[in-house]
Amino acid sequence: MSEKRRKKRKQKRESGGHLNVLASYLSQFYELLESEIKPSDQEVRDTFIKHRDAWHKYCDSNKLTDSAKDLFVMNVEMMWKRRANQPSVQ
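Criteria and cut-off values
- Residues numbered from 1 in each chain as written.
- Predicted model: local features only at pLDDT ≥ 70, side-chain atom pairs only at ≥ 80, totals over all residues.
- Heavy atoms only, no water.
- Phe/Tyr/Trp six-rings, centres within 6.5 Å; stacked < 30°, edge-to-face > 60°.
- Buried < 20%, exposed > 50% of the residue type's maximum accessible area, 1.4 Å probe, protein only.
- Helix = DSSP H or I, 4+ residues; strand = E, 2+ residues; numbered from the N terminus.
- Expected span 1.5 Å × (residues − 1).
- Arc of directions from axis to C-beta.
- Salt bridge = Lys/Arg side-chain N within 4 Å of Asp/Glu carboxyl O.

Draft legend 1. Representation of the packing of aromatic side chains within the structure. Counted under the stated rule, the structure contains 6 aromatic pairs. When the centroid spacing of 6.3 Å and the interplanar angle of 50 degrees are considered together, the rings of Phe29 and Tyr30 count as tilted. A relative accessible area of 1% places Phe29 in the buried class. A residue is classified by how much of its surface remains accessible, and Tyr30, at 23% relative accessible area, is partly exposed. The interplanar angle of 20 degrees and the centroid separation of 5.5 Å between the aromatic rings of Trp55 and Tyr58 together place this pair among those described as stacked. Linking Trp55 with Tyr58, this pair stays in helix H2 (residues 41–61), spanning 3 residues, or about one helical turn. The same class applies to Trp55 and to Tyr58, which are both buried. Feature note: the residues Phe29, Tyr30, Phe48 and Phe72 constitute an aromatic cluster, connected by ring pairs.

Shown next, in the form of structure tokens:
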């Protein structure tokens, strides 16, 4: 196996683990938003900041790029826009 292919496979394995951590933080945040009893705006803000900061700390400790740090906020933004564009069911 070539050196280039080995490096690519190693990088893919490592990034999979990082994405699992990101997915964990995102799912915890989304669970709050989808809970039966709607959280207050302040509770949503506090939870968002808590998970965003935890993701940033994880990125720093694993020496991930700044663009990796932005993934949490970008995913939340996309979900928020998607929800805003959905017609409300009444």
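So that's the structure; there's more coming.
Draft legend 2. Spotlight on H2. Its 21 residues give H2 an end-to-end C-alpha distance of 30 Å, which sits within 8% of 30 Å, the value for a rise of 1.5 Å per residue. Listing the buried residues of H2 in full gives Val44, Thr47, Phe48, His51, Trp55, Tyr58 and Cys59. For H2, the angular spread of the buried residues around the axis is 110 degrees, confining them to a single face. Set apart from the buried face of H2 by more than 90 degrees, the exposed residues are Lys50, Lys57 and Ser61. One or two residues past the end of H2 sits Lys63, with phi positive at roughly 55 degrees.

Draft legend 3. Spatial organisation of the pattern of salt bridges. All told, the structure shown has 3 salt bridges when counted by the stated rule. Of the charged contacts, one joins Arg52 and Asp53 as a salt bridge, the two residues approaching to 3.3 Å between their closest N and O atoms. Among the residues examined, Arg52 registers a relative accessible area of 24% and is labelled partly exposed. Of the residues examined, Asp53 reaches a relative accessible area of 38% and is grouped as partly exposed.

Just geometry here; none of it tells us what the structure is for.
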